[in-house]
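Listed here are the chains, written in short residue letters.
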Amino acid sequence: MLIPCPHCGPRDVAEFTYGGDATKERPNPDSATAEDWCDYVFHRDNPRGRHVEYWHHGQGCRLWLKVARDTVTHKIEGAEVVGPWAAAAPKQGRDVA
Amino acid sequence: MSEAISPAVSPLRGHSEARVPAGDAAVTLTERKLVSLVQVAAWPETAEQVEGILASLIGCAPPQGPAGSSGDAGGAILALSPGRWLVESGDPRLAARLGEQIPPALGAVADLSHARIAIRVSGPKAAWVLAKGLALDLHPQAFPPMKVAQSAVHEVGVVVRRLSADKLGGDSFDLYVYRGFALSFWDWLTEAAAETGYRVDPPGSA
Ligand SMILES: [Zn+2]
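Everything quoted here is computed from the prediction, not taken from an experiment.

1. Here we look at the overall build of chain B
So, point 1. In terms of helices and strands, chain B carries 5 helices and 11 strands.
So, point 2. Its C-alpha atoms give chain B a radius of gyration of 17 Å, near enough to 17 Å, the size a compact globule of 206 residues would have.
So, point 3. For chain B, the spread of C-alpha atoms along the principal axes amounts to about 55 × 50 × 30 Å.
So, point 4. Going through the 206 residues of chain B one by one, you find that 50% of them count as buried.

2. Quick notes on the coordination of the zinc ion
Residue and element names in this part refer to chain A.
So, point 1. The zinc ion binds to the protein through C5 (SG), C8 (SG), H57 (ND1) and C61 (SG), with metal-donor distances spanning 2.0 to 2.4 Å.
So, point 2. Classification of the site at the zinc ion as tetrahedral follows from its 4 donor atoms and the range of 104 to 115 degrees in their angles at the metal.
So, point 3. Mapped onto the sequence, the donors of the zinc ion take the spacing C-x2-C-x48-H-x3-C. A residue pair is termed long-range when its members are at least 10 positions apart, and C8 in the loop between β1 (2-5) and β2 (9-12) and H57 in the loop between β4 (50-56) and β5 (64-70) qualify at 49 residues.
So, point 4. Overall, the relative accessible area of 0% leaves H57 in the buried class.

3. Remarks on the packing of helix α1 (residues 47-58) of chain B against helix α2 (residues 94-101) of chain B
Residues and elements named next belong to chain B.
So, point 1. At a minimum axis separation of 11 Å, α1 and α2 run at an interaxial angle of 140 degrees. What the angle tells us is that α1 and α2 run oblique. In this structure, α1 meets α2 at a crossing whose hand is right-handed. Residue-level inspection shows I53, L54, L57 and I58 of α1 in contact with α2, the latter providing L94, R97, L98 and Q101.
So, point 2. A per-class count over the contact of α1 with α2 returns 6 nonpolar, 1 polar and 1 charged.

4. What about the sheet that holds strand β4 (residues 75-81) of chain B?
Residues and elements named next belong to chain B.
So, point 1. Read across the open sheet, the 5 strands follow the order β3-β4-β5-β2-β6; overall the sheet is antiparallel. Single-partner strands in this sheet number two, and they are β3 (69-72) and β6 (107-111). Direction aside, neighbouring strands of the sheet carry axes that sit 20 degrees apart on average.
So, point 2. Across 6 bridges, the pairing between β4 and strand β5 (residues 84-89) is antiparallel. Within β5, the residue paired with L78 across the bridge is L86.

5. Some details on the packing of aromatic side chains
Residue and element names in this part refer to chain A.
So, point 1. Under the counting rule described, the total for this entry stands at 5 aromatic pairs over all chains.
So, point 2. Residues Y18 and W55 carry aromatic rings whose centres are separated by 5.2 Å and whose planes lie at 70 degrees to one another, so their mutual orientation is edge-to-face. One end of the pair, Y18, is in strand β3 (residues 17-21); the other, W55, is in strand β4, and 37 residues separate them in sequence.
So, point 3. Since its relative accessible area comes to 42%, Y18 is described here as partly exposed.

6. Quick word on α1 of chain B
Working note: α-helix, 3.6 residues per turn, so residues spaced by three or four point in the same direction.
Residue and element names in this part refer to chain B.
So, point 1. Compared with the 16 Å implied by 1.5 Å per residue over 12 residues, the 16 Å span of α1 between its first and last C-alpha is a close match.
So, point 2. Within the sequence span of α1, burial applies to A47, V50, I53, L54, A55 and I58.
So, point 3. Of the surrounding secondary structure, the elements contacted by the buried residues of α1 are β2 (36-42), β4, β5 and α2.

7. Thoughts on the interface of chain B and chain A
So, point 1. Tallying the contact residues gives 21 residues for chain B and 14 residues for chain A.
So, point 2. Here chain B and chain A share an interface that buries about 1,400 Å² over both sides, 53% of which is from carbon and sulfur atoms.
So, point 3. Per-residue buried area on chain B facing chain A is highest for P44, P82 and Q150 of chain B; these three make up 37% of the total on that side.
So, point 4. Inspection of the region where chain B meets chain A yields 0 salt bridges.
So, point 5. Counting across the chain B and chain A interface gives 5 residue pairs in polar contact (both at pLDDT 80 or more).
So, point 6. For the side of chain B that touches chain A, the secondary-structure elements that each account for two or more residues are β2, β4 and β8 (148-153) of chain B.
So, point 7. With 4 residues, the single largest contributor to the side of chain B that touches chain A is β8 of chain B.
So, point 8. Each residue belonging to the side of chain B that touches chain A can be placed in one class, and the counts come to 13 nonpolar, 6 polar and 2 charged.

Definitions and cut-offs
- Residues numbered from 1 in each chain as written.
- Chains lettered and ligands numbered in written order.
- Predicted model: local features only at pLDDT ≥ 70, side-chain atom pairs only at ≥ 80, totals over all residues.
- Heavy atoms only, no water.
- Helix = DSSP H or I, 4+ residues; strand = E, 2+ residues; numbered from the N terminus.
- Rg over C-alpha atoms; globule rule 2.2 N^0.38 Å.
- Buried < 20%, exposed > 50% of the residue type's maximum accessible area, 1.4 Å probe, protein only.
- Donors = N, O, S within 2.8 Å, 3.2 Å for Na, K, Ca; no water.
- Tetrahedral: all angles 85-135°; square planar, octahedral: opposite > 155°, others 65-115°.
- Axes fitted to C-alpha atoms, helices over the stretch in contact; angles between N-to-C directions.
- Parallel < 35°, antiparallel > 145°, perpendicular 65-115°, else oblique.
- Left-handed = near helix turned anticlockwise from the far one by under 90°.
- Contact = heavy atoms within 4.5 Å.
- Nonpolar A, V, L, I, M, F, W, Y, C, P; charged D, E, K, R; others polar.
- Pairing = 2+ DSSP bridges.
- Phe/Tyr/Trp six-rings, centres within 6.5 Å; stacked < 30°, edge-to-face > 60°.
- Expected span 1.5 Å × (residues − 1).
- Buried area = accessible area lost by both parts, 1.4 Å probe.
- Salt bridge = Lys/Arg side-chain N within 4 Å of Asp/Glu carboxyl O.
- Polar contact = N/O pair within 3.5 Å; in protein donor to acceptor, adjacent residues only side chain to side chain.

Put into C-alpha cells, the structure is as follows:
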C-alpha cells in the first residue's frame, strides 16, 4: 500500500505508523460527561468502506496525516497534513489507487 | 570486549577502503568525510526567517520548493520537511554558529556531525542499485538533481540527495545514514551493487 504524503509523495506504508481513528473528536474537558469520554476512548465504528485515519510519516517528513482509505479495497482517496504544519503543506496528496 | 571507537574514527574503517574490481564497475561508492552536519527545526511562524538565516550563513540560495536542496559539500542545505533542514558544511564550528543565530524562540539546532555517516553512490547504475532497497521513484523526472528524500532501506532511516549531474559528470547520490547502522548499510549496499560491479574510492575523496 502506498500512502500519498502531501509533502513526500507516494511512500511505502512501512514508513508510516498507524495513529488511529481520525473521526473521533476530543471532548471538551469542561463539559464532557463520563459517557463522552468512554465513547472517545473506547468506541470505534470499524466501517466497511471509507474510513478516515491518522498516519504518522515517521520515516519520512515526520508529519501527521489524515488519510481517507477504503478498508475493503485499500484505495486511498487522499491525505492531508494535520497539526501545526497543516498550512505549510504544499497540496493534497495524490490518489495512487 | 568491544572496542570503543572515537567519533573521529569512521565505523566503516576497514570496510570502505579503496577497492578496484577485476571486472566491470557500473557504480562507485565513496565514504565522504563529514565535518559538520546539523539538523535545524523551526516553528511554523519562524520557518521563513530560519531559512533565511541558514542561507546567509551557508552562503547559498534557500532550497527550491519542498524536499529540495541547495549548495555543495562546502555548504549545503537539504529541506527534509516543512521547517526542518539538514545543513552540511566543512566548517567545524557550524553547530555553534547556528546555535548563536537560532535561539530556542526561533528553532532547535541539533549537531548530528558524529551521528551520521555519508556515502556517495555514483555511476550509470547508481539509481538502479539504490532502487533495490529504496521504495522511491528515482526516475530523473520524479527525482531530479538536488531533490532530497528522507526514507528508509530495510527500515534503516536514510536521507537521499541526488546531485547535479553536470557538475560531477554523471549520476550521483549522497546518502546520510545513522552511524550505528553504517556497517550493516554498507553490507547491504555492496551486496546490492555486486550485480553491476562496483569500485570503492578512498574515503574522503568525494
Ligand atoms: Zn511525508
